[in-house]
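Here is how the chains run, residue by residue.
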Amino acid sequence: MTCVIESLSGWTYKWYKGSSRVPVSKGNTFTITSAAESDEGQYWCQGERRDIPTTSQLSIIVILHVTGSKPKLVLNQKTSLLTGDSVTLKCELGVRSGLVFYWYRGPQTSDPVVQTGGDSYSIRSVRVSDGGQYWCRAGRGHPVYYTQYSNEMLLTVTERQKAVATLRSNWTELFSGETVSLKCHIKGGEHSTWSYSWSCNGHQMRGYRNYPYKSQEYSFIGSPSFNSGNYTCKGERQSDREKSDESTPVSVVVFNEKAKAVVGASPQSWLTEGDSVTLSCEVEKSSAGWRFSWFKITQGNPKGEPQTSQILSDSSRGAGGSYSLSPAALRHTGVYVCRAERGETAYQTEFSQPQPLWVTGVSPNASVIIHSNWTQIFTYTSLSLSCGAQGNSTGWRLRWFTGRMEQKRCPPGWTETGSSCSTSSASPSDSGVYWCQSESGEQSNPVNITVHAGDVILESPAHPVTEGDLLTLRCRYRHQPSHIRANFHKDGTLLHTSSTGEMTIPAVSKSHEGLYKCRNSERGESPGSWITVMRTTRGSYSGSSTSMVAVGVVVSLVIAFALVILLVLLYCKRKSRGSLCPCRDHQPQQQSTNQSSVQGQGTNQSSVQSTNQSSGSDSVYMPLQTRNADVYDTITPLYMPLQRGAADVYDTIKPSKDPQEDNEEDYDDVTFSD
């Protein structure tokens, strides 16, 4: 402290404390080198000199406050914190003017983590790393005069329990009308009781009477206008009102439309009996969580909804997104649809579009007779269809299919007579697939009829062609063009260009099966016609054919052998008197028993031997008996027995005349050689 009198000179100064007249210091400056609480009080000064005036007036009193140099660290809340909490530390010293406050975490010898111009330090959102031992002190001046360190304070920061929002389903893209269910889970808070809050895009969800929705689960029926967005949740522990962290957002997308199933056929919908086909079902815009059911439509309605259907497989029996037919049979001809469902409440899609399968049989019992012989006709021309069945067509009726799933016996406006349907003026609405069906459910091969309003149609076989057959396709025109040049396409690829408007395949094969069209540059393009090629059955029966050939060969040999025997017998009759005949002594009266026959054969043998001996040369004939065995007894029949019952087959041969009456004129057609 300094005491100064500006007027006159020669002054000396004295310092006083309180009411005492005893000076505590002399000189114009009064310094307290180490202030203590005892130094606190009122101070004043007065000047003196030798000349008049000898004393000055008393100075203004200065009050000196001396406080302790150790600040006090205080906290306005509990020292146990959760991540995300805010905290404020205060360093109380009694004075703040000109002071800088230093804040420490850890040992006192560490560098300050921060310094502030005020006596408080705040952390808005604490982290686990913010926990530890805290200290503070103040300082001012140059060089800095520091207060003592404050008392220590321990802050503990633990991870706040985290809320986790999940969809009850495994998919985030939903359809209008589908139930959406979300659930909030507090990670690590299973043993506490919590209340919950839900938000969508930052706005708190409210329930009945606009009260905040506090349930652990939040469900709603999907509506694209209100329910698409990012959903979050958090919990509040009821015991201490402590809040959890907010969950990570869950994105929910709700489509405008109801889910639709789509069905397809691979490799194609026109099949030959024995082929394989796989139907696939999928849901547009979504692939997760679906279970599929398959149906075969037996009757439909104009709205395209199944009216009568036969369930083929359903989700409860483990049906998947595909349905296979292998091998396909004629009975599999029909219209198929699928439907999908998912979720605990079994949200169902609409039925898929109809997918027909047309199977061409190898040998059906009936067929569709097209009296025009073409599967494509122009509009306003007559068309007559009938059922031709093996035997008769009684009980067979014409059926048809259009893309609207309608199946009727005859199109509207047609004339129906028995198993025939006819119209004098066909229209495009009459287009469709026609087949014959019996009362017992048997089916003929299907025929695709197209009534075309354009100028070009394709003439093609109405029924399947067989491998190796000749196939001819022609372009026909409603109005004859200036040229009849035409391009023929198969499955979308140019196959042939013809100047005559006609294409011929000399010998078709299975590779020629497909969808054919023709196009004229002037008149346009025809609709497509499916050509079915049937494989030949020769390869299928090669084994049985070989067996039949073998049987035929054996039978031919047996017949040839029998003819030889017959010729020998005839020769014996003709030369019965000759010495070379092995049957010379054979009696015309044949015995009815095998024993007599054997005796006769023995006589023949003696005659042959006698003749051979008398001729002096070897016989050119093979003896019918070798040693004691008849040569015929050594023959084992394979097919036709040489003996029927108890009678020798040769005993059944009756001569037309008595052998004694034979003459040469009776055998003019037989030539013998000696």
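Residues numbered from 1 in each chain as written. Predicted model: local features only at pLDDT ≥ 70, side-chain atom pairs only at ≥ 80, totals over all residues. Heavy atoms only, no water.

A. Geometry of the overall build of the protein. A tally of regular secondary structure across the protein gives 2 helices and 53 strands. Here the protein holds 674 residues, and 37% of them are scored as buried. Of the roughly 38700 Å² of accessible surface on the protein, 50% is carried by carbon and sulfur atoms. (Helix = DSSP H or I, 4+ residues; strand = E, 2+ residues; numbered from the N terminus. Buried < 20%, exposed > 50% of the residue type's maximum accessible area, 1.4 Å probe, protein only. Areas by Shrake-Rupley, 256 points an atom, 1.4 Å probe, with all protein chains shown as cover.)

B. Molecular detail of the confidence of the model for the protein. This prediction gives the protein a mean pLDDT of 78; 77% of its residues lie at or above 70. Confidence scores differ between elements of the protein, with helix H2 (residues 594-615) showing the lowest mean pLDDT of 36 and strand E43 (residues 486-490) the highest of 96. Between residues 538-550, whose pLDDT stays under 50, and residues either more than four places distant or in other chains, the model counts 0 contacts. Counting interchain partners and residues more than four positions distant, the pLDDT-below-50 stretch residues 635-674 has 36 contacts. (pLDDT = per-residue confidence, 0-100. Contact = heavy atoms within 4.5 Å.)

C. Fine view of the sheet that holds strand E10 (residues 120-123). Here we have 3 strands laid out as an open sheet, ordered E5-E7-E10, and antiparallel in their pairing. Each edge of the open sheet is held by one strand with a lone partner, namely strand E5 (72-75) and E10. Geometrically, the sheet is characterised by an average inter-axis angle of 20° between neighbouring strands, direction not taken into account. The pairing of strand E7 (residues 87-92) with E10 spans 4 bridges and is classified as antiparallel. (Pairing = 2+ DSSP bridges. Axes fitted to C-alpha atoms, helices over the stretch in contact; angles between N-to-C directions.)

D. Here's a closer look at the nonpolar core. Core analysis: the largest hydrophobic core is formed by 22 residues, its most contacted members being Phe175, Val283, Trp290, Phe292, Trp294 and Leu357. Examining the composition of this core, we find that 4 residues originate from one element, strand E24 (residues 277-283), more than from any other. The residues contacting Leu357, other than those within four sequence positions of it, are Ala265, Gln268, Ser269, Leu271, Val277, Leu279, Leu325, His332, Thr333, Gly334 and Tyr336. (Core = buried A, V, L, I, M, F, W, Y, C linked by side-chain atoms within 4.5 Å.)

E. Spatial organisation of the sheet that holds E24. Overall, antiparallel pairing links the 3 strands, which are arranged E22-E24-E27 in an open sheet. Sheet topology places strand E22 (261-266) and strand E27 (322-325) at the edges, where each strand pairs with a single neighbour. Looking at each pair of strands side by side, their axes are set apart by 15° on average, direction ignored. Summarising the sheet, E24 and E27 pair through 4 bridges and their orientation is antiparallel.

F. Spatial organisation of a nonpolar patch on the surface. A contiguous nonpolar surface patch, about 270 Å² in accessible area, is contributed by Ile559, Leu563 and Leu566. Tracing the sequence through the fold places Leu566 in helix H1 (residues 542-574). (Patch = residues over 30% accessible without salt bridge, like charges linked within 9 Å, V, L, I, M, F, W, Y side chains within 5 Å. Salt bridge = Lys/Arg side-chain N within 4 Å of Asp/Glu carboxyl O.)

G. Focus on the pattern of salt bridges. In the structure shown here, the tally under the stated rule is 22 salt bridges. Where Arg241 meets Glu236, a salt bridge forms, and the shortest distance between an N and an O atom there is 2.5 Å. When its relative accessible area of 52% is taken as the criterion, Arg241 is described as exposed. By relative accessible area, which is 15% here, Glu236 ends up buried. When the shortest N-O distance is used, the salt bridge between Glu513 and Lys510 registers 3.2 Å. Judged by relative accessible area, which is 13%, Glu513 ranks as buried. Counted as one network, the salt bridges with shared partners bring together Lys78, Asp85, Arg160, Glu242 and Asp245.

H. Examining the state of the cysteines more closely. Under the criterion given, the structure shown has 7 disulfides. Residue pairing for Cys184: its cysteine sulfur links by disulfide to Cys233, the two sulfurs lying 2.1 Å apart. Looking down the S-S bond of the Cys184 and Cys233 bridge, the torsion is 80°, so its handedness is right-handed. Of this pair, Cys184 sits in strand E16 (residues 179-187) while Cys233 sits in strand E20 (residues 229-237), placing them 49 residues apart in sequence. Residue Cys233 is classed as buried on the basis of its relative accessible area, which comes to 1%. What pairs with Cys475 in a disulfide is Cys518, and their sulfur atoms sit 1.9 Å apart. The chirality of the disulfide connecting Cys475 with Cys518 is right-handed, given an S-S dihedral of about 115°. (Disulfide = S-S within 2.5 Å.)

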